[in-house]
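So you can see what is in the structure, the chains are spelled out below.
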Amino acid sequence: MGQLKSKCDGLVPGFAPRVRTSTLEEGPPSAPEHHGSRMELQKSSLYSTLDQVPQLEHYASTLPRQQQARSRPSLGTLRRVSKEVEAGMEMANVASDSGVSSLPVTDSGSEESKGPKEKAPVKLGWVIGPAFHCMLNIWGVILFLRLSWITSQAGILLTCLIVLMSVTVNTATTLSISAIATNGRVDAGGTYFMISRSLGPEVGAPIGLVFAFANVLGCALNTVGFAEVVQDLMQSYGSVIIDPISTIRIVGVITVTGLLLISLAGMEWESKAQILFFVAIMISFVAYLVGTFIPPGTVKKSQGIFGYRSDIFVSNLTPDWRGADGNFFSMFAIFFPATTGILSGVNICGDLKDPATSIPKGTLHAIFWTTISYLVIPLTVGACVIRDASGNVNDTLTANSTGTCVGMGCSQGWNFTECTLSQSCQYGLANNLQVLGQVSAVYHLITLGVFAASLSSALSFLVFAPKVFQCLCRDNIYPYIGLFGKGYGKSDEPFRAYILSYVLSIVFILIAELNIIAALISNLFLCTYGLINFSCFHATVTNSPGWRPSFRYYNKWVALYGAVISIVLMFLLTWWAALVIFGVIIFLFGYVYYKKPKINWGSSVQAGTYNMALSSSVSLSGVEDHVKNFRPQCLVLTGPPNQRPALVDFVGSFTEHISLMICGDIIMEQERQTRPHDATDSMVKWMKKRKVCSFYTPFTAESLRVGARHLLQASGLGKLKPNTLVLGFKSNWRETAPESTVDYINTIYDTFDHNYSLCILRMMDGLDIYSHYEFEVNHGFESDEYAENDHKEHSEMKSVEDISDKDDSDQTRTVFQSDQGKKTIDIYWIADDGGLTLLVPYLLTRRKRWNSCKVRVFIVGDEQNMDERRKE
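Residues numbered from 1 in each chain as written. Predicted model: local features only at pLDDT ≥ 70, side-chain atom pairs only at ≥ 80, totals over all residues. Heavy atoms only, no water.

### Some remarks on the overall build of the protein
Along the backbone of the protein there are 31 helices and 7 strands. Expressed as a percentage of its 872 residues, the buried residues of the protein come to 48%. Considering only contacts within the protein whose residues lie at least 6 apart along the sequence, 80% involve residues at least 24 apart. Element-wise, carbon and sulfur atoms account for 59% of the exposed surface of the protein, whose accessible area totals about 44500 Å². (Helix = DSSP H or I, 4+ residues; strand = E, 2+ residues; numbered from the N terminus. Buried < 20%, exposed > 50% of the residue type's maximum accessible area, 1.4 Å probe, protein only. Contact = heavy atoms within 4.5 Å. Areas by Shrake-Rupley, 256 points an atom, 1.4 Å probe, with all protein chains shown as cover.)

Structure (structure tokens):
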């Protein structure tokens, strides 16, 4: 099948050349006319039985607009192309037989490939990508500046509990992240991309803004921590710029400006800087651990450092709360931002070679190693350093000392009683934030570690925030932020979003209070973690066929635990901040829910809605009918609904939010070929714009009666099945052909035969508005004369979609959309043919437009039994 004779090898203009193959009788196979690439082979394999592998762009509608390919070819297009190729082959055969040769057609793609190729953007593996970024982000300023102080307040046991609690939340979140990340392509936008594509834009968009803001705060937090260390160094050398707070602000602004320049240089420079920071942190760790084993001198002992001592370890096991914020949850709130770097790998997923593999592998490795480091430091520093020390080398405990000695220093031969009682000690775990540097073998190597940890985390946050915000801006969910979505260069860098993040970071750097910023960040990240875990849980319980992550080590109950514990911790840490964050999210959610952006990401919310509807429909099927629960479920023969808006509005007036309404459109066989391919979508959009709660069901049939009969039998699902047929009155019965009138009357007979109720709407001006617009007309409802004229003018007609997109002119107002005032609804009770005659007017009066109307019933009777009939 893949072999062609030599006469078929002539080149047809517009088609790629084929590689010639020969049978054994023709001699050895000849070389190809030119070496084609894999793309050329794909082009040439028109009759190949091997199809191409599935292309993601053909299936995923969640990709950014820049990456979405053109729509897939239709079957008609493929048939036309096939015919054109066959015709071209025949022309080539004729040309070959006549001795006419054609020049080879050059492939523009191959010519372009010969030119200088643009250097591809840098893509990262799991080590340099998620692992390095997560570890550097987790090893932040809290590790060096606050962990020893937290140990003095909470004790070794509770500090380890705080670390493990944080790791538990982070591990549950990482498992959820890994499941979501391996369920499909995770593009630029990281956490926002995952939540929005899982839970939809209503939840994803608010979290995208909150998470981008959290990253900005993270940059400010670590920059302030770096500035604090610089200020302490300057103060130790007596070179303070103005005052301590102003010094922190000035150094912070200068630092974040330098980080911005590194970020603008691109991901390659940012990764090189992160490697240097990683090496510096490793050196500082080694220096600290070596320092714990070096016997301390007199100066270190006066500062409360005595090396490994079992009695010091035991005394530091229990908590010693000090100050107004001395409690467990305050310490947890200050520590938790130290472990929030687990989203670093997700936030750079657009720069990873294989996000599905790199994110789980790199993030879990990072959590393991950083957890060990966060447990080692409390255990070691708590065994070497006491809580209070004066730093005075003369405060030794001698044999001639009188008075009572207070504190752990007494058992070590030092008397720190005076500063302990007066709470004026300058050294020790509880008083000095630079304890790790004092324990270290080289003090300034810890300073180097502080610089590296704080700058690496600040740089990571400054890179993540713009990328998340860029993805949010490109989705066009919120107004006035689209300009920040523009990317520049081969890596699509969001320079405008970088500048915005830089400005916001400076605003929070000017606060210059590390603990305040840390408490705010804790709630923001906990909120994000909670929604990530809930996304995984919700996607799992909905049992959507589209939820099939390759990462198997996740559990829906672990994800639910992570979601619940995250929300609970938000309120336990800082309740007012939790309320503010939820208030902002609810406001942003309400905006998106009200605006209803035209976005369909196949979220788990849609899958959950389907499951609920399906289970409810199935359970409803087992319920027996009762007169109290009767609802007029209407099948309305509207034809195209926008042709008869009065009929649609009338039925919608008494079925909206009460019962089922299906707009049936019977399409004649002769109209099927001329019907626009997007007609169904156009009708659904028209009803949605008109806020009509109805389904639209087109059906092709040879006549009105045949189509109506099939709709009467097949419409609906279980108990959600029509029981009432609604028709428009055939006002042109005098002019139309007799067959059309007979067809209409037989449809009414069929309605009763199928045990349906019947409603016929007649209006003085008729129901149709086709005279105002050039719509496609349903010939089953119109006169033959009009149908013929309409068919002649069909080539000049515009589709319904064109009119709908142009303006709201197709949304014609009808009498049923107006306030009816204090009018009267007259009912003529001629015969006892069912309570529907009374039920429909009652349902109308429940609507706001009709609630002032009164119902008046006329009955047939005589004067003798008039009162009796009225009572009945």
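Having seen it, we continue.
### Considering the environment of Asn642
Relative to the helices and strands, Asn642 is located in the loop between strand S1 (634-637) and helix H24 (645-655). We classify Asn642 as buried; its relative accessible area is 1%. For the pair Asn642 and Met683, spaced 41 residues apart in sequence, the C-alpha separation works out to 7.2 Å.

### Description of the sheet that holds strand S5 (residues 757-761)
Strand order in the open sheet formed by 5 strands is S3-S2-S1-S4-S5, and the pairing between neighbours is parallel. For this open sheet the edge positions go to strand S3 (695-701) and S5, each flanked by a neighbour on one side alone. Taking each pair of neighbouring strands and ignoring which way they run, the sheet shows an average axis angle of 25 degrees. Sheet contacts for helix H25 (residues 679-689): strand S2 (661-668) and S3; angle to S3, the most-contacted strand, approximately 150 degrees. The sheet contacts of helix H27 (residues 738-753) involve S1, strand S4 (724-728) and S5, and relative to S5 the element is tilted by about 145 degrees. (Pairing = 2+ DSSP bridges. Axes fitted to C-alpha atoms, helices over the stretch in contact; angles between N-to-C directions.)

### As for the packing of aromatic side chains
As enumerated under the stated definition, the model contains 30 aromatic pairs in all. Consider the rings of Tyr478 and Tyr591, whose centres lie 5.7 Å apart with planes at 25 degrees: the pair is stacked. Residue Tyr478 is located in the loop between helix H18 (443-474) and helix H19 (495-509), and its partner Tyr591 is located in helix H22 (residues 575-595); the two are separated by 113 residues in the primary sequence. An aromatic cluster of three or more residues is present, and its members are Phe211, Phe332, Phe336, Phe461, Phe525 and Tyr529. (Phe/Tyr/Trp six-rings, centres within 6.5 Å; stacked < 30°, edge-to-face > 60°.)

### Considerations on the side chain of Ser566
With respect to the helices, strands and loops of the structure, Ser566 is situated in helix H21 (residues 556-573). Note on Ser566: relative accessible area 0%, which makes it buried. Residues contacting Ser566, with those up to four places away along its chain left out, are Val169, Leu526, Tyr529, Gly530 and Asn533.

### Brief notes about the pattern of salt bridges
Close approach of charged atoms allows side chains with opposite charge to pair. Here the structure, examined in full by the defined rule, presents 10 salt bridges. As a salt-bridge pair, Lys467 and Glu493 come within 3.7 Å of each other at their nearest N and O atoms. Of this pair, Lys467 sits in helix H18 while Glu493 sits in the loop between H18 and H19, and the two are 26 residues apart along the sequence. Given the relative accessible area of 5%, Glu493 is considered buried. Salt-bridge contacts for Asp750 lead to Arg705; the nearest nitrogen and oxygen are separated by 2.8 Å. Of this pair, Asp750 sits in helix H27 while Arg705 sits in helix H26 (residues 704-714), and the two are 45 residues apart along the sequence. (Salt bridge = Lys/Arg side-chain N within 4 Å of Asp/Glu carboxyl O.)

### Observations regarding the state of the cysteines
What the rule picks out here adds up to 1 disulfide. The disulfide bridge from Cys419 ends at Cys425, spanning 2.0 Å between sulfur atoms. The disulfide joining Cys419 to Cys425 has a torsion of about 80 degrees about its S-S bond and is therefore right-handed. (Disulfide = S-S within 2.5 Å.)

### Observations regarding the nonpolar core
Formed by 138 residues in total, the largest nonpolar core has its most connected members in Phe335 and Tyr374. Here Phe335 is in contact with Ile142, Leu147, Ile150, Ile162, Val163, Ser166 and Tyr374, once residues within four sequence places are set aside. Of all hydrophobic cores here, the second largest spans 27 residues; its members include Ala646, Val651, Cys759 and Phe816. (Core = buried A, V, L, I, M, F, W, Y, C linked by side-chain atoms within 4.5 Å.)

### Digging into the packing of helix H7 (residues 190-199) against helix H8 (residues 201-236)
Direction vectors running N to C along H7 and H8 enclose 165 degrees, while the axes themselves pass 7 Å from each other. Classified by the interaxial angle, the pair formed by H7 and H8 is roughly antiparallel. Of the two possible hands of crossing, H7 and H8 adopt the one that is right-handed. Every residue of H8 that contacts H7 at Thr191, Tyr192, Ile195, Ser196 and Leu199 is listed here: Pro201, Val203, Gly204, Ala205, Ile207, Gly208 and Phe211. Here the residues of the contact of H7 with H8 sort into 8 nonpolar, 4 polar and no charged. (Parallel < 35°, antiparallel > 145°, perpendicular 65-115°, else oblique. Left-handed = near helix turned anticlockwise from the far one by under 90°. Nonpolar A, V, L, I, M, F, W, Y, C, P; charged D, E, K, R; others polar.)

### Details of a nonpolar patch on the surface
On the surface, a nonpolar cluster with roughly 620 Å² of combined accessible area is contributed by Phe571, Trp575, Trp576, Leu579, Val580 and Val584. When residues of the nonpolar patch are assigned to their parent elements, the largest contribution, 5 residues, is made by H22. Along the chain, Phe571 turns up in helix H21. In this structure Phe571 comes out as partly exposed when scored by relative accessible area, which is 34%. (Patch = residues over 30% accessible without salt bridge, like charges linked within 9 Å, V, L, I, M, F, W, Y side chains within 5 Å.)

### Considering H26
Within H26 the residues assigned to the buried category are Leu704, Gly707, Ala708, Leu711 and Leu712. Seen from one end, H26 has its buried residues packed into an arc of 135 degrees, which puts them on one side. Where H26 ends, the next residue or the one after it, Gly716, has phi of about 95 degrees, a positive value. (Arc of directions from axis to C-beta.)

### Overview of the packing of H18 against H19
Taken N-terminus to C-terminus, the directions of H18 and H19 make an angle of 125 degrees; their axes are 9 Å apart at the nearest point. With respect to H19, the axis of H18 lies oblique. Here H18 runs over H19; the crossing is right-handed. Here Leu462, Val463, Ala465, Pro466, Lys467 and Phe469 of H18 come into contact with H19, specifically with Ala497, Tyr498, Leu500, Ser501, Tyr502 and Ser505. The residue inventory of the contact of H18 with H19, partitioned by class, reads 9 nonpolar, 2 polar and 1 charged.

### Considerations on the confidence of the model for the protein
Here the protein shows a mean pLDDT of 78. Residues at 70 or above account for 79%. Every residue in residues 1-48 is under pLDDT 50, and counting partners more than four places away or in other chains gives 61 contacts. Confidence drops under pLDDT 50 across residues 770-807; counting only partners more than four residues distant or on other chains, this segment forms 71 contacts. (pLDDT = per-residue confidence, 0-100.)

### Section: the pairing of S3
Alignment of S2 against S3, held across 7 bridges, turns out to be parallel. For Cys663, the partnering residue across the bridge sits in S3 and is Tyr696. The parallel pair S2 and S3 is bridged by H25, and the resulting crossover is right-handed. (Right-handed = clockwise from strand over helix to strand, strands pointing away.)

### With respect to unusual backbone geometry
For Asn476, which is not glycine, the phi torsion reads 55 degrees and is therefore positive. Position of Asn476 relative to the elements: it lies in the loop between H18 and H19. Although it is not a glycine, Asn755 sits at a positive phi angle of roughly 60 degrees. With a relative accessible area of 70%, Asn755 lands in the exposed category.

### Some words on H27
Compared with an ideal rise of 1.5 Å per residue, which puts 16 residues at 22 Å, H27 spans 22 Å between its outermost C-alpha atoms and is within 8% of the ideal. For H27, the complete set of buried residues consists of Ser740, Thr741, Asp743, Tyr744, Asn746, Thr747, Ile748, Asp750 and Thr751. On its buried side, H27 packs onto S1, H26, S4 and S5. Among the residues trailing H27, Asn755 stands out with phi positive, at a value near 60 degrees. (Expected span 1.5 Å × (residues − 1).)

### Things to note about the side chain of Ser390
With respect to the helices, strands and loops of the structure, Ser390 is situated in the loop between helix H15 (355-384) and helix H16 (417-422). One polar contact links the side chain of Ser390 to the main-chain amide nitrogen of Asn392, over a distance of 3.2 Å. Among all residues touching Ser390, those that are not within four sequence positions of it are Ser302, Asp395, Phe416, Cys419 and Tyr427. (Polar contact = N/O pair within 3.5 Å; in protein donor to acceptor, adjacent residues only side chain to side chain.)

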